[in-house]
Amino acid sequence: MGVAVMKLRNPPVNSLSLECLTEFTISLEKLENDKSIRGVILTSECPGIFSAGLDLLEMYGRNPAHYAEYWKNVQELWLRLYTSNMILVSAINGASPAGGCLLALCCDYRVMADNPKYTIGLNESLLGIVAPFWFKDMYVNTIGHREAERALQLGTLFSPAEALKVGVVDEVVPEDQVHSKARSVMTKWLAIPDHSRQLTKNMMRKATADNLIKQREADIQNFTSFISKDSIQKSLHMYLEKLKQKKG
Ligand SMILES: CC/C=C\C/C=C\C/C=C\C/C=C/C(=O)SCCNC(=O)CCNC(=O)[C@H](O)C(C)(C)COP(=O)(O)OP(=O)(O)OC[C@H]1O[C@@H](n2cnc3c(N)ncnc32)[C@H](O)[C@@H]1OP(=O)(O)O
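What counts and what doesn't
- The residue numbering used here restarts from 1 in each chain and proceeds along that chain's sequence as written.
- Totals for whole chains, interfaces and linings use all residues, but because this is a predicted model, local features are given only for residues with pLDDT of at least 70 and pairs of side-chain atoms are given and counted only at 80 or more.
- Where side-chain values are given, they derive from all heavy atoms of the structure, hydrogens and water being excluded.
- UniProt positions are given in the numbering used here, feature names are shortened, and annotations may be inferred rather than shown by experiment.
- For Phe, Tyr and Trp, where Trp contributes only its six-membered ring, two rings pair if their centres lie within 6.5 Å, and the inter-plane angle classes them as stacked under 30 degrees, edge-to-face over 60, or tilted in between.
- Put simply, DSSP H or I for four residues or longer makes a helix, DSSP E for two residues or longer makes a strand, and each gets a number counted from the N terminus.
- Three exposure classes are used, based on accessible area relative to the maximum for each residue type with a 1.4 Å probe and protein chains only: buried under 20%, partly exposed in between, and exposed over 50%.

Naming follows an unreviewed UniProt entry, where the protein appears as Enoyl-CoA delta isomerase 1, mitochondrial of Mus musculus. As its UniProt record puts it under Subcellular location (unreviewed entry), the protein is described as follows: "Mitochondrion matrix". Its UniProt record gives the protein the following Function (unreviewed entry) comment, quoted word for word: "Key enzyme of fatty acid beta-oxidation. Able to isomerize both 3-cis (3Z) and 3-trans (3E) double bonds into the 2-trans (2E) form in a range of enoyl-CoA species, with a preference for (3Z)-enoyl-CoAs over (3E)-enoyl-CoAs. The catalytic efficiency of this enzyme is not affected by the fatty acyl chain length."

If you want it as C-alpha cells, here you go:
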C-alpha cells in the first residue's frame, strides 16, 4: 500500500548520534523521492526505547566546529521530517525523551504503547539546557501554549496516560497492538487524496518551519555558544554521571 516502516536502530538507546541523524535524513530523502511511498511508520527496534533523543556525547566535550556540524544536521532532520509530504505515523514503543519526543511530534499521528515505564516529553530543563525555539514552537502547536509552558519549564516526562490527556500523543494502546494500530491509522489517512492533505499539512506547518529556515545560521551560532559554556558543559557532565550512577 505504499507504506514504509522505518525502525530506529542505534543500540543501546537509539540516541541520535551524528551518524544516526545523517543516515536517518538520507533514508527519509530516498523515501520522499520514491513516488510509490505515501506513508511512513516510524518506530524503534531497541526494546523499551523509542529514542533517548539527541546524543549527549555529541554535545559534551567536543569543539565548537563539531557542535555546529551536529546542530546543522539536527536542524536538517527536523526540517525534513516536519515538512515531509508523506503521511508520518509514529508507533512509540518505548521511552521518548527530548529529541525522541521531537521525532514523534513531527509525525501526523502518534500511537503510544500503554506501559507506564515509558515516558515522553521535552525534558531539556532537567538537563540544565533549554529546548530550542523550534522544539518549543512544535510543542505549542501540539499541546497549546499553557501546557507547553508548564511542561517545558518543569521538563515533564509524561506517562502514556498523561501524554494522551495533554495531547502529546493521539492514542494509547496495549503494547502488542502499537504496530497494528499504527497501520490501521495509516490506512485511514491514505484514504485522503494526497494533494489536498499535503496542501493542508503545508498550510498548518509552513510558518513554524519558515521560522527556523530564516534563521538557521543564527540558531547554529546560538547553540554552539550556549553548549560551549563551561556552566552548560558542567550540567551535561552531571547529567551523564547521574545516568551512569543509576546503573551501579
Ligand atoms: C539559548 C538556547 C540555544 C540553543 C539551544 C541549546 C541547547 C539545547 C540543545 C539540545 C536539546 C536537547 C535535546 C536532547 O534530546 S538531549 C538528550 C535528552 N535525553 C535524555 O534525557 C535521556 C537520557 N537517557 C535516559 O533517560 C535513559 O538512558 C533511557 C530512559 C533512555 C534508557 O534507560 P536505560 O536504563 O534502558 O538505559 P541507561 O542505562 O540509562 O543508558 C544506557 C547507556 O546509554 C547512555 N545514554 C542514554 N541516553 C543517552 C543520550 N541521550 N545520549 C548519549 N548516551 C545516552 C547512558 O549513559 C548509558 O551509557 P553507558 O553507561 O556508557 O552504558
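Moving on from the coordinates now.
Whenever I open this one, the packing of aromatic side chains confuses me. Can you help?
Any two aromatic rings considered together are summarised by their centre-to-centre distance and by the angle between their planes. Counting across every chain of the model gives 7 aromatic pairs. When the ring of Trp71 is compared with that of Phe223, the centres are 3.9 Å apart and the planes differ by 10 degrees; the resulting orientation is stacked. Residue Trp71 is found in helix H2 (residues 64-82), and its partner Phe223 is found in helix H9 (residues 216-228); the two are separated by 152 residues along the sequence. For the pair formed by Trp71 and Phe223, the shared burial category is buried. Note on Tyr109 and Trp189: the rings are 6.5 Å apart at their centroids and 65 degrees apart in plane angle, and the pair reads as edge-to-face.

Teacher, can you tell me more about unusual backbone geometry here?
Excluding glycine, residues mostly have negative phi values, and the peptide bonds linking residues are mostly trans. With an omega of 10 degrees, the peptide bond between Pro11 and Pro12 qualifies as cis. Here Pro12 shows up in the loop between strand E1 (3-8) and strand E2 (15-16). Within the chain, Asn14 stands out as a residue other than glycine whose phi angle is a positive 55 degrees. Considering the arrangement of structural elements, one finds Asn14 in the loop between E1 and E2. For Asn14, a relative accessible area of 1% translates into the label buried. For Ala98, which is not glycine, the phi torsion reads 45 degrees and is therefore positive. Structurally, the position occupied by Ala98 is in the loop between strand E7 (94-97) and helix H3 (99-106). For Ala98, a relative accessible area of 13% gives the class buried.

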